[in-house]
Amino acid sequence: MSTAPWTGHVTPGGPTAVRVLDEVELRKVSVGPMDNNAYLLTCRRDGAQLLVDAAADPDRLLALVREGDASARLDLVVTTHRHRDHVGALASVVAVTGARTAAGADDADAITQATGVPVGQRLHDGDLLVVGHVTLEVVALRGHTPGSVALAYREPEHTHVPGAAPGRVHLLTGDSLFPGGVGRTTTPQDFTSLYDDVVARVFDRFGDETWVYPGHGRDTTLGAERPHLAQWRARGW
């Protein structure tokens, strides 16, 4: 499968975007009819791998796993939330790779019911996931679904590869945060919950250089979105 430099933009059926950092390689592809993003993180020290959202097209996702490790090693699949367009390939990917599974605690039962795959680890805000020598923090963002989670990876203080930035956070947000606003909600209460979590748990904690990898579409940064927070609050979506 061909690869492309990192721009934050991928297309269905297109090449894998690859971003090489000091500790981790991050790969992004688009799969399925809803242009879902799936992300593969590969530890550069021992080859351990984490897939975020086995959304659709299991053959493409298994090819992605092999791009990171020729033996198709996959240690963990994290599902950011329960919606069907984010779990369509979960059963197939787990069956082939034997990967462990994790999801937000309040979405876990719905994911199991939809896919037949038991969620092995139920995630809560502040939990740490260790994949090889890479550590990610779980950030619960309630509102798009009750158990939606994001994953935050912070680059080390001493970096060497081109384009790296000491201490910069990389945030995989599922459908909770996009360029231009928070994810879709169905009630004013859900919007308030999601908005408040995004402000308190993301914008109030992480710097403007934080890179945001959403569940659909192009990437953004917190710096690009921060000036618009009040507008999001006023419009209610």
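Throughout this description, residue numbers start from 1 for each chain and increase along the sequence as written. The predicted origin of the model limits local features to residues at a pLDDT of at least 70 and limits the giving and counting of side-chain atom pairs to 80 or more, whereas totals for whole chains, interfaces and linings rest on all residues. Note: side-chain values were computed over all heavy atoms of the structure, leaving out hydrogens and water.

Engineer: Help me understand the overall build of the protein chain, please; the structure alone is not making it clear to me.
Structural biologist: The secondary structure listing takes helices from DSSP runs of H or I that are at least 4 residues long and strands from runs of E that are at least 2 residues long, numbered from the N terminus. Looking only at helices and strands, one finds six helices and 16 strands in the protein chain. A compact globule built from 237 residues should have a C-alpha radius of gyration of about 18 Å, and the protein chain, at 16 Å, falls within 12% of that. Taken over the C-alpha atoms alone, the protein chain extends approximately 50 × 45 × 30 Å along its principal axes. Counting over 237 residues, the protein chain shows a buried share of 56%. Contacts in the protein chain between residues far apart in sequence, at least 24 positions, make up 54% of those at least 6 positions apart. For the accessible areas, the method is Shrake-Rupley and the probe is 1.4 Å, while residue cover comes only from the protein chains on display. Working note: accessible area of the protein chain is about 9800 Å², and carbon and sulfur atoms make up 52% of it. Note that the radius of gyration is over C-alpha atoms, with the globule rule given as 2.2 Å times the number of residues to the power 0.38. Only protein chains enter the accessibility calculation, which uses a 1.4 Å probe. A residue is then buried if its area is under 20% of the maximum for its type, exposed if over 50%, and partly exposed in between. In what follows, a contact means two residues having at least one pair of non-hydrogen atoms within 4.5 Å.

Engineer: Mind showing me how you'd approach the pairing of strand β11 (residues 149-154) here?
Structural biologist: Two faces, one strand: in a regular strand the side chains alternate between the faces of the sheet. A large share of β11 lies buried, amounting to five of its six residues. Any two strands with at least two DSSP bridges between them are considered paired. In terms of strand pairing, strand β10 (residues 134-140) meets β11 through five bridges, oriented antiparallel. Across the sheet, Val-139 pairs through a bridge with Ala-150, a residue of β11. Of the pairings in the sheet, the one linking β11 to strand β12 (residues 169-174) comprises four bridges and is antiparallel in character. Looking across to β12, one finds that Arg-154 is bridged to Val-169.

Engineer: How should helix α4 (residues 188-203) be read in this particular structure?
Structural biologist: Counting along an α-helix, one turn takes 3.6 residues, and residues three or four places apart therefore face a common direction. The end-to-end C-alpha separation of α4 is 21 Å, in line with the 22 Å expected for 16 residues at 1.5 Å each. The inward-facing, buried residues of α4 abut β10, β12, β13 (177-178), β14 (181-182), α5 (222-225) and α6 (229-235). To estimate how far a helix should reach, multiply one less than its number of residues by 1.5 Å.

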